[in-house]
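Spelled out, the chains give:
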Amino acid sequence: MTTTELISDFRVDVPDEVLGDLRDRLTRTRWADAVADDWARGTAPGPLRALVEHWGGPFDWRAAERRINALDHFRVEVDGSRLHFVRAGTRGATPLLLVHGWPDSFLRFEDVLPLLADFDLVVPSIPGYGFSDRPTRPGMDPARIADLFAGLMTALGIDRFGVHGGDLGSGIGEQIALRHPERLTGLHLTDVPYWHLFTVDPALLSEPEQAYLQQAMQWSQREGTYAQLQGTKPQTLAHGLVDSPVGLASWFLEKFRAWSDCGGDVFSRFTPDRLAENLTVYWATGTAGSAARLYYDTMAAGRGPTARVEVPTAVAIFPKDIVPAPRAFAERWFALDRWTEMPRGGHFAAWEEPRLLADDLRAFFAPPA
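What this report covers is the structure whose coordinates are included nearby. Because the structure is predicted, anything quoted here is derived from the model rather than measured.

**Points about the packing of helix α8 (residues 234-243) against helix α9 (residues 245-258)**
And then number 1: Interaxial distance between α8 and α9 falls to 5 Å at its minimum, and their mutual angle equals 115 degrees. It follows that α8 is roughly perpendicular to α9 by the angle criterion. Two secondary-structure elements touch here, α8 through L237, L241 and D243 and α9 through P245, G247, L248 and W251.

Rendered as structure tokens:
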């Protein structure tokens, strides 16, 4: 039985000594050598140095903090895990749970919130991310998180609700739909959870699905080693990410460039301020290691669900996402009611194209007039 404690107000307030230590570390960076200033071997030195100089220089976390605190923040304990969440929109309206992924945070949805102000919006931080507690024992996998988020909605007095997720949020959303189908009015995703690549016999796939599988496997070989490392040896990585802000920035910046619709220029989609804000959430809370560990717990839980989601599902495909799945593949796993192929945008849809995403969410979840 899910147990909850009273919901308490929460305010983001990073101590001065944490910010001072961060600036000191950024100032004393020992830079790696490079043979070229490009992205072929990983994070390009030039853009990384530009981001770090901004983060340790003109970036004003206190101004960002004031803006972030204009939102309503809360924390609640659900089954021993203290969860941070933002509540926005209109209380009593159509409830919608928005679930972020990696390497982002609850900030992913900041630009979407005012566009969906007539919904009752709940935006939690995944356990081990940001201002939610870091797990203290193994097993915080998507199924466990799904149960905690269902408990969060119970704590808010919300019986039935819609769920949207992308990246890890899509897997968590799928688990909510499988484990608590009676609670959901619908499920909205921006990708098909990657683990389904390993749960189907390739011989049964159609030609478009075969092409998708081949592209995904090629991408995994070229670009997916981060997931293998986080899924097998996250603690090795954690020591560097939690101790070195430049290491953290390098690890994240490469993904924001590679996975977004930026034409190779990461700053054309994400300002240095926006990147620095997200990095500061991870740095100030010391959650880069626990966030990576979710990949390990996910892999340890097995190869993912093989059951089909019967909750009405919508999928919005953004063309520059990692490897967009074809509709036929999504239909294998979800009771698909809506399929949208967007004209632009990438993996971080809520940040890149908030209007396109908000319009699709509204079209799927808004009650009939």
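**Some words on the packing of aromatic side chains**
Aromatic rings considered in pairs are described by the distance between their centres and by the relative angle of their planes.
And then number 1: All told, the structure shown has 23 aromatic pairs when counted by the stated rule.
And then number 2: On the basis of an interplanar angle of 75 degrees and a centroid distance of 5.1 Å, the ring pair of F256 and F270 is categorised as edge-to-face. Linking F256 in helix α9 with F270 in the loop between α9 and α10 (272-285), this pair joins segments that are 14 residues apart in sequence. Assigned by exposure class, F256 and F270 land together as buried.
And then number 3: Ring pairs connect the aromatic residues W102, Y129, W219, Y226, F252, F256, W259, F270, Y282, Y295, F348 and W351, which therefore count as one cluster.
And then number 4: Over the face of the ring belonging to W31 we find R49, whose NZ or CZ atom lies 4.3 Å from the ring centre.

**Some points on unusual backbone geometry**
And then number 1: The step from W102 to P103 runs through a cis peptide bond, and the omega angle for that step is 5 degrees.
And then number 2: Along the chain, P103 turns up in the loop between β4 (95-99) and β5 (120-124).
And then number 3: Notably, D79 is not glycine yet its phi reads approximately 50 degrees, a positive angle.
And then number 4: Structurally, D79 can be placed in the loop between β2 (72-78) and β3 (81-89).
And then number 5: One non-glycine residue, D167, lies in positive phi territory at about 60 degrees.
And then number 6: Topologically, D167 is positioned in the loop between β6 (161-165) and α5 (168-179).

What counts, and at which threshold
Residues numbered from 1 in each chain as written. Predicted model: local features only at pLDDT ≥ 70, side-chain atom pairs only at ≥ 80, totals over all residues. Heavy atoms only, no water. Axes fitted to C-alpha atoms, helices over the stretch in contact; angles between N-to-C directions. Helix = DSSP H or I, 4+ residues; strand = E, 2+ residues; numbered from the N terminus. Parallel < 35°, antiparallel > 145°, perpendicular 65-115°, else oblique. Contact = heavy atoms within 4.5 Å. Phe/Tyr/Trp six-rings, centres within 6.5 Å; stacked < 30°, edge-to-face > 60°. Buried < 20%, exposed > 50% of the residue type's maximum accessible area, 1.4 Å probe, protein only. Lys NZ or Arg CZ within 6 Å of the ring centre and 35° of its normal.

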